[in-house]
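# A closer look at the structure
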Amino acid sequence: MSHMTLAARVRHISWWLGGAALGFLGFIRVTRELIEGEVGAMDRAILLAVDRTRTPGTTVMAVDVTALGSITLVALFSAFTLLVLLVVRDRLGALQLLAASAGAGLLTIVTKDMIERIRPAEAQQLIVVSGFSYPSGHSVAASALYLTIAIIASRHIRHPGARTAIFLAVSVLLILVAASRVYLGVHYATDVVSGISLGAAWAFLLAGFFTHFGRRASQG
């Protein structure tokens, strides 16, 4: 391994771990403010403002968009990506994807049960949901899995423009999924913000770990 390659890996590890730290700190801050009762009024105001923008056509689109963060579609996309990674013999990538999936599910269950925030009641819920509200499971899963897929894909793509396009597309997708949850009345804004923060932090933490693990494996 050349010195430049080693330097690039160290730089990438620093970026990923820095991103993970920011994500976890963001989640902790929002959670603390929620527990201290500092975001309730803002959450209700946003939800009611969004409620006034509802139209039949927009509701149909929101239902379609929110499905992109559902367990079913996220699992299907992840399974397809896992199959591709196995075909191209990227075993580390496959392990990273599996870790992202398992971790996102565990983090969602643990945090929901710890906070026990009730779903919004200020606006009509346009879809049937169950369980606690904080954080948004759709946002955690979509953020962790789609970002992980983008991170793994970027290792196989050399063109910087293509890498940038992938991350921009994933970012737009996450914003749309999060916004759809608030629009449909099943989450407050802080639910989805914290969900994206937690999912992204987990994806970035894994990226740093597997970048380091990949360097050690290549040296061995």
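First things first, this report covers the structure right here in the doc.

Reading the values: rules and limits
- Residues numbered from 1 in each chain as written.
- Predicted model: local features only at pLDDT ≥ 70, side-chain atom pairs only at ≥ 80, totals over all residues.
- Heavy atoms only, no water.
- Axes fitted to C-alpha atoms, helices over the stretch in contact; angles between N-to-C directions.
- Helix = DSSP H or I, 4+ residues; strand = E, 2+ residues; numbered from the N terminus.
- Parallel < 35°, antiparallel > 145°, perpendicular 65-115°, else oblique.
- Left-handed = near helix turned anticlockwise from the far one by under 90°.
- Contact = heavy atoms within 4.5 Å.
- Nonpolar A, V, L, I, M, F, W, Y, C, P; charged D, E, K, R; others polar.
- Polar contact = N/O pair within 3.5 Å; in protein donor to acceptor, adjacent residues only side chain to side chain.
- Core = buried A, V, L, I, M, F, W, Y, C linked by side-chain atoms within 4.5 Å.
- Buried < 20%, exposed > 50% of the residue type's maximum accessible area, 1.4 Å probe, protein only.
- Salt bridge = Lys/Arg side-chain N within 4 Å of Asp/Glu carboxyl O.

All right, on to the packing of helix α3 (residues 56-66) against helix α7 (residues 160-183) then. Where α3 meets α7, the axes come as close as 9 Å, and the angle between the chain directions of the two elements is 125°. The angle between the axes of α3 and α7 places the two elements in the oblique class. As for how α3 packs across α7, the hand of that crossing is left-handed. For the pair α3 and α7, contact is made by T58, T59, A62, V65 and T66 and by L176, V177, S180, R181 and Y183, respectively. When the residues that make up the contact of α3 with α7 are grouped by side-chain class, the tally is five nonpolar, four polar and one charged.

Running from N to C, helix α4 (residues 71-87) and helix α5 (residues 91-115) cross one another at 160°; their axes reach a closest spacing of 8 Å. Taken together, α4 and α5 sit at an angle that is classed as roughly antiparallel. Considering only the axes of α4 and α5, their crossing is left-handed. Listed contacts from α5 to S78, T81, L82, L85 and L86 of α4 are G93, A94, L97 and L98. Tallied by class, the residues present in the contact of α4 with α5 amount to six nonpolar, three polar and no charged.

What follows covers the side chain of S154. Topologically, S154 is positioned in helix α6 (residues 137-156). Engagement of the side chain of S154 in a polar contact is seen with the backbone oxygen of I151, the distance being 2.6 Å.

This part is about the nonpolar core. Residues L97, L145, Y146, L147, V170, L174 and F204 are the most contacted members of the largest nonpolar core, which totals 32 residues. Ranked by residues supplied to this core, first place goes to α6 with 10 residues. Apart from the residues within four sequence positions on either side, V170 is in contact with Y146, L147 and A150. By size, the runner-up hydrophobic cluster in this structure holds six residues, among which are L47, A123, A178 and V192.

So, on to the pattern of salt bridges. In this structure the tally under the stated criterion is four salt bridges. Linking R117 and D43 is a salt bridge whose minimum nitrogen-to-oxygen distance equals 2.8 Å. One end of the pair, R117, is in the loop between α5 and α6; the other, D43, is in helix α2 (residues 40-51), with 74 residues separating them in the sequence. Taken individually, R117 and D43 each receive the classification buried, so the pair is uniform in this respect. Salt bridges linked by common partners bring D43, R117 and D191 together as one network.

On to unusual backbone geometry, then. Residue Y134 is joined to P135 through a cis peptide bond whose omega torsion reads -10°. With respect to the helices, strands and loops of the structure, P135 is situated in the loop between α5 and α6. Positive phi outside glycine occurs at R89, with the angle close to 65°. Inspection of the secondary structure puts R89 in the loop between α4 and α5.

By themselves, these observations are geometric and do not establish any function.
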